[in-house]
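One letter stands for each residue in the lines below.
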Amino acid sequence: MPADKTDALKQPSVVATAQIAAAKDSFVLSTDLVDAQFHRRSPVLFVTFDNLGSVGEYDPPQPWLHARVAKAGFSILGLIARRKDWYRNADTPRLLEDLRDAGLFDGFQRIVFTGTSMGAYAALTYARIVPGSEVLAFSPQTTLNQKIAPFEHRFKYALRKWDWEAPAFLDAAEAIPRAGQILLFYDPFVREDRAHAMRLQDSRVIHVKCRHFGHRLIRQLKSCGVLEDLIAHVGNGRFDEVAFQKSLRNRRDVRPWCREMLENSIKAHHLKLTDAALGHLEKREPGARHLAKIRDRLDARRAIPIARDIIYTDGSPQQPFSGRIVKAGYAKVVPERPHDTKLASGVLLADGRYCDLSRTWIRASKVTPPPVLSREEPLQTLSGTHLFGGHIRGHFGHFLVESTARLWALEKLDTEIESLLYLPFRGAAGKARRARRALKSFFDQLNLKVPIRIVDKTVEVEALYVPELGFGWRDRYAGSPLYRQLMRDRLGRDVQAEGCEKLYISRARLPSQRGGILGEQFLEDNLAQQGYDIFHPERHPLQVQIARYKAARQVVALDGSALHFAAFCLPLRPKLCIILRRSQANVADYIKQYRTFCEVTPDVIDVVCNDLVSRDAKRVNFRSVGELDFQALFEELKRLDYVAHAFKPVLPSAADLNRLAMEVPEGADRDYAAGNQKD
């Protein structure tokens, strides 16, 4: 057996304390979760840490990298983990601090903390315990804390199992000021590893990029035959990055490196380059199964174009609609991220161009800007064929206007989709998931059979359909023919009409912050006397709402979200009156929608005499509370034949309205100075 192997397997004697250990040339010092095993050979000391693959690998236990460090003639102190807890325990720092205080490190000329992946996190993090120590880190993580490193999503078990909140030794980046030279070896094509490395920026940090070596980079270095020389050069203080990169020339003979290089080339859509490189390797290894699998993936990627327009129309296109869908191969669906422009989100095509159809209107005059994706950002992958839905909104009105606008494609796609992809609005993934649960009944009524995915991290999708907006702000309130067809054909298809033909859609039981009018109860009571069913839609399941709207022939309502939904369900040419509850209401949007969806021009009554506006609002908005001229309101309802001409309504007095105004919750007040009182 070679000398270094014999040395590597020797088990030193067990000592009880760090003070005893510091006086010995070899020892094992044990704690509940970590053992320290030491072998003294020279004034150069390597402090090594286990990785996920080496925990429990050796019997008897020995430090990670022991044989190679021994071959170089260096001393070693191995922190041997008893569980795969990423050294997130109190034993590790206490053990190192005790050995430091006992003087173990004092006699060494150079101390190098080293590890890979989990072990690299530990090496970087705990090097600060021995100030001035160097670090040799392979494929390092800096932390798994999601607030610090939100891009890291690979080690879900470790994140869930171990404590990544306690601040002690939480972030490897904090160790830089107390360390000596830090050598980071990582593959920049592994986005998470690159993102961790980018967090470590300092004059003493040297980034050694090993392209196409993957996260298990150290295995490829072993296969290239350079790891032992690297350890020797680092230990002797003679590492030369140029010479190191030259030593990797034989990487083309390492099968895992070739496979990683080809996979990265396919992901980057360098298809011609991949084909040429793959052809060369196929000549060298004819019939190789791993190359055949890559050839299959290359052919599959070629079959899906970067972007191809599909046009679906019924007759000639109607402005602003064209019936256009982009079918994109390996497009990146990008949610809003804190470091990018506010609201920046959407779809980037495989060649990096922004897909213009993925742009979302969040107001009549505001659109989401294109995202900018940097190379260091992590990237998830999603196989199969999927449909892009834009943002999912929790507010029902915004959901209808913005989140349903692309669903018309469900009627026209010539292939089955595997899921519907939604982005969280303003990056709020928790709110998006709650909205998905709350709106399940709507999707059920559309007979949507596929899962709805919330994309809160950038994901590359094998095949993605991106439809144009078939509904939405401004002229899009008219709805495209295909969108209207979807809603008419699918929404409530199996729901039978049930309820009164005369319907008043009330806002009286909505929370006050949703806005309304003073004295709506008076309006309800009077209309009830005229035979109207007083309907509070938010108090009923969606199926009941659809049934009531289907049965209605004469409708009175305040402007609000319920009117947008009712337009999908009401019969053609109903008698409809919209009472404005605030000045500056966008009544033109409702008119545009009802003319196309229901073939009717609604009657509009505007008798707002004052707006009660929240103190923190800059203008009249959806939270405003309107004060109506009830006398004028009922005169108009009579003139338009919504109530009998002989009807004598019970109207609120000025004292009633003043009392109701005083009951508006804190935060709203009469704002005459802003010009909200109407003559």
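A quick note: this is a predicted structure, and the numbers were derived from the prediction, not measured.

A. Molecular detail of the side chain of Q554. Position of Q554 relative to the elements: it lies in strand β22 (residues 554-558). With sequence-adjacent residues up to four places away left out, Q554 is seen in contact with E501, K502, L503, Y532, K575, D641 and Y642.

B. Focus on the pairing of strand β5 (residues 75-81). Of all seven residues that make up β5, seven are buried, and the element is covered over most of its length. Neither face of β5 is open: one carries S75, L77, L79 and A81, the other I76, G78 and I80, and all of them are buried. Note that strand β3 (residues 34-39) and β5 share six bridges and pair antiparallel. Paired with H39 across the bridge in β5 is I76. The pairing of strand β4 (residues 44-49) with β5 spans five bridges and is classified as parallel. Counted as the bridge partner of L45 is S75 from β5. Running through helix α3 (residues 66-71), the crossover from β4 to the neighbouring parallel element β5 is right-handed.

C. Spatial organisation of a positive patch on the surface. A surface patch of positive charge is lined by K342, R363, K366 and R426. By secondary structure assignment, the location of K342 is in the loop between β11 (324-334) and β12 (346-348). With relative accessibility at 65%, the residue K342 sits in the exposed group.

D. Structural context of the side chain of R490. Mapped onto the secondary structure, R490 falls in helix α17 (residues 481-490). You can call R490 buried: its relative accessible area is 14%. Of note is the side chain of R490, whose polar atom sits 2.7 Å from the side chain of E411. Not counting chain neighbours up to four residues away, the residues in contact with R490 comprise L410, E411, Q445, L446 and N447.

E. Summary view of the nonpolar core. By size, the foremost hydrophobic cluster in this structure holds 94 residues, and its most contacted members are F565, F568 and L633. The element contributing the most residues to this core is helix α20 (residues 561-569), with six residues. When neighbours within four sequence positions are excluded, F565 is seen to be in contact with F396, L400, F442, L491, L542, Q545, I546 and Y549. Among the nonpolar cores identified, the runner-up in size contains 55 residues, and F49, Y87, A120 and W164 belong to it.

F. Expanded view of the sheet that holds strand β21 (residues 533-535). Spatially, five strands are ordered β21-β19-β22-β23-β24 in an open sheet, and the strand pairing comes out parallel. The strands lining the two open edges of the sheet, one partner per strand, are β21 and β24 (603-605). Taken over all neighbouring pairs, the strand axes of this sheet differ in orientation by 20° on average, direction set aside. Inspection of the sheet shows strand β19 (residues 502-505) paired to β22 by four bridges, in the parallel sense.

G. Quick peek at the pattern of salt bridges. Inspection of every chain in the model, using the stated rule, returns 31 salt bridges. Here R110 and E134 are joined by a salt bridge, their closest N and O atoms 3.1 Å apart. Of the two residues, R110 sits in strand β6 (residues 110-116) while E134 sits in strand β7 (residues 134-138), which places them 24 residues apart along the sequence. On the basis of relative accessible area, E134 is assigned to the buried category, the value being 17%. For the salt bridge of E599 with R573, the shortest nitrogen-to-oxygen distance reads 2.2 Å. Here the residue E599 occupies a position in the loop between α21 (587-597) and β24, and R573 occupies one in the loop between α20 and β23 (575-579), the gap between them amounting to 26 residues. Judged by its relative accessible area of 44%, E599 falls in the partly exposed class.

H. Representation of the sheet that holds β6. Taken together, nine strands build an open sheet; the order of strands is β1-β2-β3-β5-β4-β6-β7-β8-β9 and the sheet is mixed. The outermost strands of the open sheet, each flanked by one partner alone, are β1 (14-15) and β9 (205-209). Relative to β6, β4 runs parallel, the two being bridged by five bridges. When the sheet's bridge partners are listed, L45 is paired in β6 with I111. Its contacts with the sheet put helix α7 (residues 191-198) on β8 (182-186) and β9, and the angle it makes with β8 is roughly 165°.

I. Spotlight on unusual backbone geometry. Going from D59 to P60, the amide bond is cis rather than trans, its omega being 5°. If you trace the backbone, P60 turns up in the loop between β4 and α3. In this structure, Y330 is a non-glycine residue whose phi angle is positive, near 55°. For Y330, the location among the structural elements is in strand β11.

Parameters and conventions
- Along every chain, residues carry numbers that run from 1 in the direction the sequence is written.
- With the structure being a predicted model, the display of local features is reserved for residues of pLDDT at least 70 and the display and counting of side-chain atom pairs for 80 or more, all residues being used for whole-chain, interface and lining totals.
- Excluded from the side-chain calculations are hydrogens and water; all other atoms, namely the structure's heavy atoms, are used.
- Helix and strand definitions follow DSSP, with helices as H or I runs of at least four residues and strands as E runs of at least two, each counted in order from the N terminus.
- Pairs of residues are marked as contacts when any of their non-hydrogen atoms sit within 4.5 Å.
- For each residue, the accessible area found with a 1.4 Å probe, counting protein chains only, is set against the maximum for its type, and the residue is called buried under 20%, exposed over 50%, and partly exposed in between.
- Strand pairing requires that DSSP identify at least two bridges connecting the strands.
- Look down the strands so they point away from you; if the path from the first strand over the helix to the second goes clockwise, the crossover is right-handed.
- Grouping into patches uses exposed residues only, defined as over 30% relative accessible area, and leaves out salt-bridged ones; the cut-off is 9 Å for like charges and 5 Å for nonpolar side chains (Val, Leu, Ile, Met, Phe, Trp, Tyr).
- What sets the accessible areas is the Shrake-Rupley method with a 1.4 Å probe; for residues, cover comes only from the shown protein chains.
- The salt bridge criterion pairs a side-chain nitrogen of Lys or Arg with a carboxyl oxygen of Asp or Glu, the two atoms within 4 Å.
- Neither His nor the chain ends is counted toward charge; the positive residues are Lys and Arg and the negative residues Asp and Glu.
- One atom stands in for each charge, and that atom is NZ of Lys, CZ of Arg, CG of Asp or CD of Glu.
- Contacts described as polar in this section are N or O atom pairs within 3.5 Å, which, within protein, must combine one atom able to donate a hydrogen with one able to accept it, while residues neighboring in sequence count only if both atoms come from side chains.
- Buried Ala, Val, Leu, Ile, Met, Phe, Trp, Tyr and Cys residues that are joined via side-chain atoms within 4.5 Å together make up what is termed a nonpolar core.
- Here, axes are lines fitted to C-alpha atoms. For helices the fit covers the stretch in contact, and angles between N-to-C directions go from 0 to 180 degrees.

Note that all results are geometric; they support no functional claim without further evidence.
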